[in-house]
Amino acid sequence: MKPDQYLSVLNPEQLEAVTHSGSPLLILAGAGSGKTRVITTKIAWLIAERGLDPESILAVTFTNKAAREMAERATRLEPRAERSVLRTFHSFGAWLLRRNAALADLDSNFTIYDDDDAITLLSKALPALTRQQVSGIVHKISRAKDYCLSPDSPLLAEIDPDPDFADVYRLYERRLRETGNLDFGDLILLTVRLLTGNPEVRDRIHARFRVVMVDEYQDSNVAQFELLKALAGPETYLCVVGDDDQSIYRFRGAEVRNILTFAESFPGTRVVRLERNYRSVAPILAVADQVVARNEGRLGKTLVAERGGGKKPILAFLPNQDDEAAFCAELIAGAHRKGCPWADWAILYRTNAQSLGFETEFLHRKIPYKVVGTLKFYEREEIKDALAFLALVANGRDEVAFRRVVNKPARGLGEVTQDRIVEEARRIVFGVEAEGELEMGGPVRGDDTLQFEDATDLLSASRRILEALPKKARSGLSEFLHVVETLRSLLGDAAVSDAAAVAADAAANEGGEGAADGGAPTTAAKAKTASRKGAAGLAIFVERLVDASGLLAYHQGQDEIAGTQRVANLQELVNAASLYPLSREGLVEFLEHIELDRSMADEEENPDSVTLITVHNTKGLEFRRVVVTGLETGVFPRDDKKGDDLEEERRLMYVACTRAMDELYLTSCASRRLYGRTAFVEPSLFLFEMDSGSVEVIGRTPRSYAARGRSAQPGAGSASGSGDEAGGVQPGAGNAQAAGNAQGASAVPDPLAERWRTGRKLFHDDYGYGIITKSFYASDELVIMVRFETGAERRFMPRYQAKSLLVVED
DNA sequence: GACAGTGAAATTTTT
DNA sequence: TTTCACTGTC
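So, here is what we can say about the structure in this document.

Criteria and thresholds
Residues numbered from 1 in each chain as written. Chains lettered and ligands numbered in written order. Predicted model: local features only at pLDDT ≥ 70, side-chain atom pairs only at ≥ 80, totals over all residues. Heavy atoms only, no water. Helix = DSSP H or I, 4+ residues; strand = E, 2+ residues; numbered from the N terminus. Buried < 20%, exposed > 50% of the residue type's maximum accessible area, 1.4 Å probe, protein only. Contact = heavy atoms within 4.5 Å. Areas by Shrake-Rupley, 256 points an atom, 1.4 Å probe, with all protein chains shown as cover. Near = heavy atom within 4 Å. Polar contact = N/O pair within 3.5 Å; in protein donor to acceptor, adjacent residues only side chain to side chain. Pairing = 2+ DSSP bridges. Axes fitted to C-alpha atoms, helices over the stretch in contact; angles between N-to-C directions. Nonpolar A, V, L, I, M, F, W, Y, C, P; charged D, E, K, R; others polar. Phe/Tyr/Trp six-rings, centres within 6.5 Å; stacked < 30°, edge-to-face > 60°. Lys NZ or Arg CZ within 6 Å of the ring centre and 35° of its normal. Salt bridge = Lys/Arg side-chain N within 4 Å of Asp/Glu carboxyl O. Parallel < 35°, antiparallel > 145°, perpendicular 65-115°, else oblique. Left-handed = near helix turned anticlockwise from the far one by under 90°. Right-handed = clockwise from strand over helix to strand, strands pointing away.

Attention now goes to the overall build of chain A. Looking only at helices and strands, one finds 34 helices and 24 strands in chain A. Looking at chain A as a whole, 53% of its 810 residues are labelled buried. Pairs at least 24 apart in sequence give 76% of the contacts found in chain A among residues at least 6 apart. Within the structure as shown, chain A displays about 34500 Å² of accessible surface, and the carbon and sulfur contribution to it stands at 52%.

And the structure:
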């Protein structure tokens, strides 16, 4: 596309942001203001108009999805942008560290530990503590890394005042370095140290990246801020984009202050505000704004809706979460009957657990849906097993991986034997008393990488103690070692020397590899094509490994016992590997990609389906119609939230509402089941913060909410005071009758009540046959009691349960 | 060393 | 309701 073409569609502020140069730039981009368009256009423009080498542009984001989208859109405007480096913070860190492994005192074959692995590792080092306690510690360590704090930092007390914490942190670091692996925090922290501690690397990076851009800057943490500072040389053009009102990751270290004080950190900063919202109709934007306006710590923006007209958001009060699910289903099904595609809809909730009710309901009603984020493919036992085995092949020091697979299937190698092997491996490196001698950098000395790896390899250690083991363990272990070795040889004899080779090349590497490397993440779409052709590339290897490791047989057995899908899942993993070359580098690349991007290729899901998604996961997305569910105190916002935490919940609410383009629905239940127990709950604080009159209320209004409505809406109050008033029209099913009030039911014949008359026989999908024992209106909702053959008695609201409840006899 | 059974606790958001 | 730690048995 020609620059004047894509520049002509921009508004004046967007144009200014795109063409600005000569000083740091902060773009304050409100929701739906065309932020991504500005970034991608800027990339294209820099290449096409300013003649910048695409490879000298670095743009970092927080999610892989965002990175992919950015690459896609920039490339559409300017094909050469394909060679720019568009990555997540973490994948950029991994990229740089791997290429400078020797300088960073790392093994270039490092794999990445997720929280779970980190907890396992530390648990083994602290056997006296429960997993839960360790999990708390690991969490704090990861927070410390977010803030760039080493075990020696006095500021550590801010995270945990316990003086032991620093020691445990130190211990964790040592164990982690011993495995040769990194955790998420390290990907940022060690990258910062690499750049600040090695002037030649830093200069090289400054020379290469002339432009550094950051998207969603409001979610950056202190370590990422430090990284940004390290990346910005005197000649670097710095441009960050963000919206302080959408900062929602404080809980994991994000610092809103980064964006609030950007201009102070980088003197001369030019600030451009994008305040025209092109996404939502005005009434939707209004309620979102009313809520977030209550926050104090914000830069303050005035979002202007470019789309006039539009309906007021509808607020539905419902008895409980089953009704909430039914309400949503009916709403969506009703719209679908009128031609609205399923895909126009998104159901938003605060916590993942809330998706369940919607899933069951949608399944019943045959409404196609997809759950975003809960794709726990890589969490499955069989997948983690196979990945652990792969990781061990790539890196023989990986203790967590070793422990996970060495005795699976059972080879007579229990924890005691495992401990012996690990001790043996550590003994070689540290001598008998190693405690406390290490710095953060770890024990690797650049010159003897090879020897180090060999000696501390858990496999070498295994071999050394082999003879000392009891017969059963000995044969089991020796068989295991044989499998690993055979597999390693499959990756070519070059495997062992890779580390040295890569280390030697490192210095010259960042220059040319950007292109080759940037290609990998964008190939996700090609995965399917590749996998259909059968095992190719690394897939051959993974297939062999799954079989030879005994994991296939083991999980086959589990499939037969439990009727699970494990073998099929393993096959899926094999397919995923087909994109990578059959080599040790290919394997390492594969593992890194999985660790950093768990959003497996979107399978062959139905493109026309309703989206079920947590509010956090909607960042950057938009839908025509959105239902924000669970608007109750304790759920959203979670209770015990106050001060800054409450402000963050408010921003979450702001994010949720501003996802909607055309229609917004809000649902709030009177009671909710929470771990088995049913509790009555109050409407969300945020509902009270919206101006009365800016939403249309339906359903039985809770007393507290009604009270507020009455005072704010003079003349609209009801005489009865029972809170029965339901303003507005029931969307979806049976709307005409619903408008009628409870007291009117005596005169007017009511088809709904007629259909669900006492004595009728029913069939229910879950409970089987039953008979209606009572039928009555509670406020303005028809309620029936049904006794089932099982003896159970249940209440239903036919309006919402029409599909699962079938009248079988008059 | 594996495994079943018991009792109790605890639930957010994620690169 | 589910998950996890711990206990006792084979």
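Next, the rest of the story.
Residues in contact with DNA strand C, as listed here, are Thr-130, Arg-131 and Gln-132. Note that a phosphate oxygen of DNA strand C is positioned 3.5 Å from one of the backbone N or O atoms of Arg-131.

What follows deals with the sheet that holds strand S2 (residues 57-61). In a beta sheet, neighbouring strands pair by backbone hydrogen bonds and run either parallel or antiparallel. Strand order in the open sheet formed by six strands is S3-S2-S6-S7-S1-S8, and the pairing between neighbours is parallel. Every other strand in the sheet has two partners, leaving strand S3 (85-88) and strand S8 (270-274) as the edge strands with one partner each. In this sheet, neighbouring strand axes are inclined to one another by 15° on average, regardless of whether the strands run parallel or antiparallel. Where S2 and strand S6 (residues 211-214) come together, four bridges link them in parallel fashion. Opposite Ala-59, over in S6, you have Met-213 as the bridge partner. The sheet strands contacting helix H4 (residues 64-77) are S2 and S3, and the helix crosses S3 at an angle near 165°.

This next bit is on the protein's contact with DNA strand B. The local shell around DNA strand B holds 21 residues, among which His-90, Arg-252, Arg-350, Asn-407 and Tyr-675 are the closest. Close to the protein, within 4 Å, the atoms of DNA strand B are drawn from sugar and phosphate at a rate of 46%. Take Phe-62: an N or O atom from its main chain is 3.1 Å from a sugar or linking oxygen of DNA strand B. Here a phosphate oxygen of DNA strand B sits 3.1 Å away from a polar atom, N or O, in the side chain of Asn-352. Residue classes in the surface near DNA strand B are distributed as six nonpolar, ten polar and five charged.

What follows deals with the packing of aromatic side chains. When we look at a pair of aromatic rings, we describe it by the centre distance and by the angle of the planes. For the structure on display, the rule yields 19 aromatic pairs. Considering the side-chain rings of Trp-345 and Tyr-665, the 5.6 Å spacing of their centres and the 35° angle between planes classify their relative orientation as tilted. On the criterion of sequence distance, the pair formed by Trp-345 in strand S12 (residues 345-349) and Tyr-665 in strand S16 (residues 660-669) is long-range, its members being 320 residues apart. Cluster of aromatic residues (ring-pair linked, three or more members): Tyr-217, Phe-225, Phe-262 and Phe-266. Seen from the ring of Phe-110, Arg-98 lies directly overhead, with NZ or CZ sitting 4.0 Å from the centre. Over the ring of Tyr-249 we find Arg-252, and its NZ or CZ is 4.2 Å from the ring centre.

What follows concerns the pattern of salt bridges. Under the defined criterion, the tally for this structure stands at 58 salt bridges. The partner of Glu-16 in a salt bridge is Arg-270, with the nearest N and O atoms 2.6 Å apart. In this pair, Glu-16 is assigned in helix H2 (residues 12-19) and Arg-270 in strand S8, connecting sequence segments 254 residues apart. Overall, the relative accessible area of 29% leaves Glu-16 in the partly exposed class. Salt-bridge contacts for Arg-170 lead to Asp-167; the nearest nitrogen and oxygen are separated by 2.9 Å. Taken as a pair, Arg-170 and Asp-167 lie in helix H8 (residues 164-179) at a separation of three residues, close to a single helical turn. The exposure class assigned to Arg-170 is partly exposed, which follows from its relative accessible area of 30%.

Let us look at the sheet that holds S12. Read across the open sheet, the seven strands follow the order S13-S14-S12-S15-S16-S11-S19; overall the sheet is parallel. Each edge of the open sheet is held by one strand with a lone partner, namely strand S13 (369-371) and strand S19 (696-699). Taken over all neighbouring pairs, the strand axes of this sheet differ in orientation by 20° on average, direction set aside. The sheet strands contacting helix H29 (residues 643-657) are S12, strand S15 (623-628) and S16, and the helix crosses S16 at an angle near 130°.

Attention now goes to the packing of helix H17 (residues 381-394) against helix H28 (residues 584-596). Packing of H17 against H28 brings their axes to within 10 Å, and their N-to-C directions diverge by 135°. What the angle tells us is that H17 and H28 run oblique. With respect to the hand of their crossing, H17 and H28 are arranged in left-handed fashion. Judged by residue contacts, Leu-387, Leu-390, Ala-391, Val-393 and Ala-394 of H17 engage Arg-584, Leu-587, Val-588, Phe-590, Leu-591 and Ile-594 from H28. When the residues that make up the contact of H17 with H28 are grouped by side-chain class, the tally is ten nonpolar, no polar and one charged.

Most of S2 is tucked away, with five of its five residues classed as buried. Alternating residues of S2 divide into Ile-57, Ala-59 and Thr-61 and Leu-58 and Val-60, and every residue in both groups is buried. Sheet topology places S2 next to S3; four bridges connect them, and they run parallel. Residue pairing across strands places Leu-58 opposite Val-85, the latter belonging to S3. Regarding topology, H4 serves as the crossover connection from S2 to the parallel S3, and that connection is right-handed.

Quick look at unusual backbone geometry now. Cis geometry is adopted by the peptide bond preceding Pro-409, which originates at Lys-408 and carries an omega value of 0°. Tracing the backbone through its elements, the reader meets Pro-409 in the loop between helix H18 (399-406) and helix H19 (415-430). The residue after Phe-636, namely Pro-637, is reached through a cis peptide bond having omega 5°. Structurally, Pro-637 is set in the loop between S15 and H29. Even without a glycine there, the phi angle at Asp-105 is positive, about 60°.

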